[in-house]
Amino acid sequence: MRTIGVVTSGGDAPGMNAAIRAIVRVAQAHGIAVIGFERGWEGLIYDNVMSLTPRSVSGIIQQGGTILRTSRNKEFMTDEGMQKASVTLANNKVDGLIVIGGDGSFRAAHEFSKKTDTRIAGIPATIDNDVYGTDETIGFDTAVNTGVTEIDKIRDTATSLDRVFIVEVMGRTRGFLAAMIGLTVGAEIILVPEVKFQPEEVCDTILKNSAAGKKSGIIVAAEGIGDTHALAKEIQEHTRIETRLSVLGYAQRGGHPTARSRFLASVFGKAAVEFLADGKENLIAALQHGKVTGISFDESCCKSKELDLRLLKLARELSK
Ligand code: F6P
């Protein structure tokens, strides 16, 4: 293995830079050069390359976002797009490619692996934590902590004014972020797409809590549950308790990565380089029960990661 290419793809996640840094420095120890492709798959299609050296990745371990920038690129998924990407890899003499991203990026990488001779490895990085085969993705812990910091502030105003707040958090169609944030802010109610609910049940819980002396309430809702504006309105109308909606939005995707996100980035970066250096391919670096291992694109892409519903049960017990 002479040259590894790196691409960050899809939504950015805090810790992607720490992963790039780890890749470059571990590769150097193996005598492998590293180049980056800019703006996700677009960089492979249009041959936009950035040289990455142990010195050029200095001082990025603590930076959110990705120095390579990223994009959600549809052109890559066409035969023509993949053909152009293969030519770019050949022109740059890239014999190993590391894709840092989420499940969508891995599905694209999986397709591409069938059309290129370049060995591919993946590093899971998404705030959504929805990649099958790894207990955690880079960026999830940072987004959880960002959510917790903001909701602790919302709790202050909710308590002062005896209000209920719905706080909408990201997660696309999944509830990993909502469940972890909800548990750790002491939310009275957590709503996730994985568990169907009726607005009436939410109102009942709020009224019961109020009767039991709770003056405020925090509902952490995953964005994937649907219209949170309408839900806030419905709760206020039914319970006669002032209800506000706060959408945390894109702040959850930015900021300095936590120590945990940097740690995962570092160990995953090392694992991905070693997979390629050892002649392995189509593996995603993964954490399983505290151990770093690899899961195939094939398996990860066709399976859906389960949300541990015990978190929701525990949150309910603890918020009484
Ligand atoms: O996948 C990360 C994520 O932030 C999701 O939580 C969210 O639904 C989505 O990306 C937003 O995507 P975009 O940046 O394209 O608006």
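- If you look the protein chain up in an unreviewed UniProt entry, it shows as 6-phosphofructokinase from Methanocella arvoryzae.
- Here the protein chain is described in UniProt, under the heading Subcellular location (unreviewed entry), as follows: "Cytoplasm".
- Here the protein chain is described in UniProt, under the heading Cofactor (unreviewed entry), as follows: "Mg(2+)".

## Some points on the sheet that holds strand β11 (residues 291–296)
1) Next: Taken together, seven strands build an open sheet; the order of strands is β3-β2-β1-β4-β5-β10-β11 and the sheet is mixed. With one partner strand each, in any of the chains shown, β3 (49–52) and β11 form the two edges of the open sheet. Across the sheet, the mean angle separating the axes of adjacent strands is 30° when strand polarity is ignored.
2) Next: The sheet contacts of helix α1 (residues 16–29) involve β1 (3–8), β2 (33–37), β3, β4 (96–101) and β5 (119–124), and relative to β1 the element is tilted by about 180°.

## So, the site of the ligand
1) Next: The local shell around the ligand consists of G11, R72, G102, T126, I127, D128, M170, G171, R172, E223 and R253.
2) Next: Here the shell around the ligand is composed, by residue class, of two nonpolar, four polar and five charged.
3) Next: Both domains that furnish three or more residues to the shell around the ligand are identified here as domain 1 (3–139 + 257–302) and domain 2 (141–253).

## Describing the domain arrangement of the protein chain
Interface size is often expressed as the accessible area that is lost when the parts come together.
1) Next: For the protein chain, the assigned domains are domain 1 (3–139 + 257–302) and domain 2 (141–253).
2) Next: Computed from C-alpha atoms alone, the centre-to-centre distance between domain 1 and domain 2 is 34 Å.
3) Next: Counting residues at the interface gives 14 residues for domain 1 and 12 residues for domain 2.
4) Next: Considering only residue class, the side of domain 1 that touches domain 2 consists of four nonpolar, six polar and four charged.

## Topic: the environment of V144
1) Next: Counting through the fold element by element, V144 comes out in helix α5 (residues 140–160).
2) Next: Along the primary structure V144 and Q252 are separated by 108 residues, whereas in three dimensions their C-alpha atoms are 7.9 Å apart.
3) Next: For V144, the contacting residues outside a window of four places in its chain are L177, M180, I181 and T184.

Rules behind the numbers
- Residues numbered from 1 in each chain as written.
- Predicted model: local features only at pLDDT ≥ 70, side-chain atom pairs only at ≥ 80, totals over all residues.
- UniProt positions renumbered as here; feature names shortened; annotations may be inferred.
- Pairing = 2+ DSSP bridges.
- Helix = DSSP H or I, 4+ residues; strand = E, 2+ residues; numbered from the N terminus.
- Axes fitted to C-alpha atoms, helices over the stretch in contact; angles between N-to-C directions.
- Contact = placed C-beta atoms within 7 Å.
- Near = placed C-beta within 6 Å.
- Nonpolar A, V, L, I, M, F, W, Y, C, P; charged D, E, K, R; others polar.
- Domains from an automatic or database assignment.

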